[in-house]
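# Summary of structural features
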Amino acid sequence: MKILQSSWSRAFSLVAVFVLVLAVILQYTDNSETAEYPSMDLAAMEGDFRQKNKSCFILGASGETGRALLKEIVERNLFSKVTLIGRRKLSFEDKAYDNVVQEVVDFEKLEDYAGTFQGHDVGYCCLGTTKAKAGTEGFIRVDHDYVLKSAELAKAGGCTHFHLESSKGADKTSSFLYLKTKGQVEADIEDLGFERFSIYRPAVLLVDRRESRPTEWMAQRFFGTFFPSMSIPITLVSRAMVTNTLTEGEGKMEILENKAIYNLGQIGKQQ
């Protein structure tokens, strides 16, 4: 019993240290932005967008952000065709998802699936894993290699607007693997030259995740309680991504930090 209690004590201590380190990192990388958006007539913008008869694809729809994003897209009915690209087909009970197309690919052989990425106007990438789940090499392969290759194929297939869910503090020069990998893939995709490239850098995501991640659970509770500016509900992230699709944008590449995502997501929430 004492051994078990000692093990739990050490585990809890490690989690606490991780959360505190994460807090320091996010505080250090916080740019204190005050992003504000003008009032928008979303009903009119959505109507105009539907008239363009555009199609989109989503990478990572089995994850929390991807699932919320798909729900937002289906409910707002903005695209004439919605395609999910993933390693397995997903099951949906709601008939609203009946017209969603699902393409199964082998991410280790994406070149063989170039046709899957053709003909989409807009691409959303919410693909990602963790070092704890996939190991260092696996994490880099998923969060950088798979994401970059998908972006390359999407660009070659005619995608003009590519959305990437990244992370607060992403920096290719960072000494932290997670932030460095996120920053590197941002830079590599920018080099592809999409007509428009939107990067979203949310802080700690607040979500009731289906899989068990104790460290993440503690981080969510910690930041949600003591540092609300360093966290964001996952539904606001998905709403921001969709709402941003309706806008013209201010350049070829744009970075939305946590505050900007929150504000834009609130606009989408008020529709």
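Up top you'll find the structure we're talking about.
Heads up: these notes are all about the structure in this document. Bear in mind that the values here come from a model prediction, so they are computed numbers and not experimental data.

Scanning the chain from N- to C-terminus turns up eight helices and nine strands. In the chain, buried positions account for 47% of the 271 residues. The long-range fraction of contacts in the chain, counting pairs at least 24 apart against all pairs at least 6 apart in sequence, stands at 75%. As presented, the chain carries roughly 14300 Å² of accessible surface, and 51% of it is formed by carbon and sulfur atoms.

This brings us to the sheet that holds strand β2 (residues 81-86). Ordered by their spatial adjacency, seven strands build an open sheet running β3-β2-β1-β4-β5-β6-β9, and the pairing between neighbours is parallel. On the outer flanks of this sheet lie β3 (101-104) and β9 (253-257), each paired with one strand and no other. For this sheet, the mean angle separating the axes of adjacent strands, direction not counted, is 15 degrees. The sheet contact formed by strand β6 (residues 196-201) and β9 spans five bridges and is parallel. Bridging from a neighbouring strand, I199 pairs with I255 of β9. Docked against the sheet, helix α3 (residues 64-76) engages β1 (55-59), β2, β4 (122-125) and β5 (161-165), running at close to 160 degrees with respect to β1.

Attention now moves to the pattern of salt bridges. Applying the stated criterion across every chain yields a total of 13 salt bridges. A salt bridge links E46 to R50; the shortest N-O distance between them is 3.4 Å. Residue E46 and its partner R50 are both found in helix α2 (residues 42-51); the two are separated by four residues, about one turn of the helix. For E46, a relative accessible area of 7% gives the class buried. Residue classification places R50 among the partly exposed positions, given a relative accessible area of 34%. One salt bridge in this structure joins R141 and E108, with 2.8 Å as the shortest N-O distance. Taken as a pair, R141 in helix α4 (residues 131-156) and E108 in the loop between β3 and β4 lie far apart in primary sequence, 33 residues in all. For R141, a relative accessible area of 33% corresponds to the partly exposed category. Here the salt bridges do not stand alone but share partners, grouping E46, R50, E72, R76 and R239 into one network.

Right, let's get into the packing of α4 against helix α5 (residues 177-190). In a packed pair of helices, the relevant descriptors are the angle between the two axes and the axis-to-axis distance. Contact geometry of α4 with α5 gives a least axis separation of 9 Å together with a crossing angle of 10 degrees. By the angle class used here, α4 and α5 are roughly parallel. On α5, the residues touching K131, T136, F139, I140, D143, H144, V147, L148 and A151 of α4 are L177, Y178, T181, K182, Q184, V185, D188 and I189. Class assignment for the residues of the contact of α4 with α5 results in nine nonpolar, four polar and four charged.

Our focus in this paragraph is unusual backbone geometry. Even without a glycine there, the phi angle at N53 is positive, about 55 degrees. Among the secondary structure elements, N53 is positioned in the loop between α2 and β1. Its identity is not glycine, yet N77 carries a phi of approximately 50 degrees, on the positive side. Positionally, N77 belongs in the loop between α3 and β2.

Another point: the nonpolar core. Residues I58, L69, L70, I73, F79, V82 and Y124 are the most contacted members of the largest nonpolar core, which totals 33 residues. Secondary structure elements with two or more residues in this core: α2, β1, α3, β2, β4, α7 (234-246) and α8 (258-269). At six residues, α7 tops the list of elements feeding residues into this core. Apart from the residues within four sequence positions on either side, V82 is in contact with C56, I58, L70, I73, N99, V100 and V101. F57, V147, I189 and I199 belong to the second largest nonpolar core, which has 24 residues in total.

With that out of the way, let us pick up the packing of α2 against α7. At a closest axis distance of 9 Å, the pairing of α2 and α7 adopts a crossing angle of 70 degrees. One way to sum up the angle between α2 and α7 is to call them roughly perpendicular. Crossing angle aside, the handedness with which α2 passes α7 is left-handed. Between α2 and α7, the contacting residues are L42, M45, E46 and F49 on the first element and T243, T245 and L246 on the second. Its residues assigned to classes, the contact of α2 with α7 comprises four nonpolar, two polar and one charged.

Cut-offs used in this document
For every chain, the first residue of the written sequence is number 1, and numbering continues from 1 onward in sequence order. Given that this is a predicted model, residues contribute local features only at a pLDDT of at least 70 and side-chain atom pairs are listed and counted only at 80 or more, while totals for whole chains, interfaces and linings are drawn from all residues. To get the side-chain values, take all heavy atoms of the structure and skip hydrogens and water. For helices the rule is a DSSP run of H or I covering at least 4 residues; for strands it is a run of E covering at least 2, with both sets numbered from the N terminus onward. Throughout this description, buried means an accessible area under 20% of the type-specific maximum (1.4 Å probe, protein chains only), exposed means over 50%, and partly exposed covers the range between. Residue contacts follow a heavy-atom distance rule, with two residues in contact if any of their heavy atoms lie within 4.5 Å. Using a 1.4 Å probe, accessible areas were evaluated by the Shrake-Rupley method; residue-level cover was limited to the displayed protein chains. Any two strands with at least two DSSP-identified bridges between them are counted as paired. Axis lines are fitted through C-alpha atoms, for helices just across the contact stretch, and the angle between N-to-C directions can take any value from 0 to 180 degrees. Each salt bridge in this description consists of a side-chain nitrogen of Lys or Arg and a carboxyl oxygen of Asp or Glu lying within 4 Å of one another. By the definition adopted for this analysis, an angle is roughly parallel if under 35 degrees, roughly antiparallel if over 145, roughly perpendicular if from 65 to 115, and oblique otherwise. The classification used treats Ala, Val, Leu, Ile, Met, Phe, Trp, Tyr, Cys and Pro as nonpolar, Asp, Glu, Lys and Arg as charged, and all other residues, Gly among them, as polar. In this description, a nonpolar core means a group of buried Ala, Val, Leu, Ile, Met, Phe, Trp, Tyr and Cys residues linked to one another through side-chain atoms lying within 4.5 Å. What makes a crossing left-handed is the near helix being turned counterclockwise from the far one by less than a right angle; a clockwise turn instead makes it right-handed.

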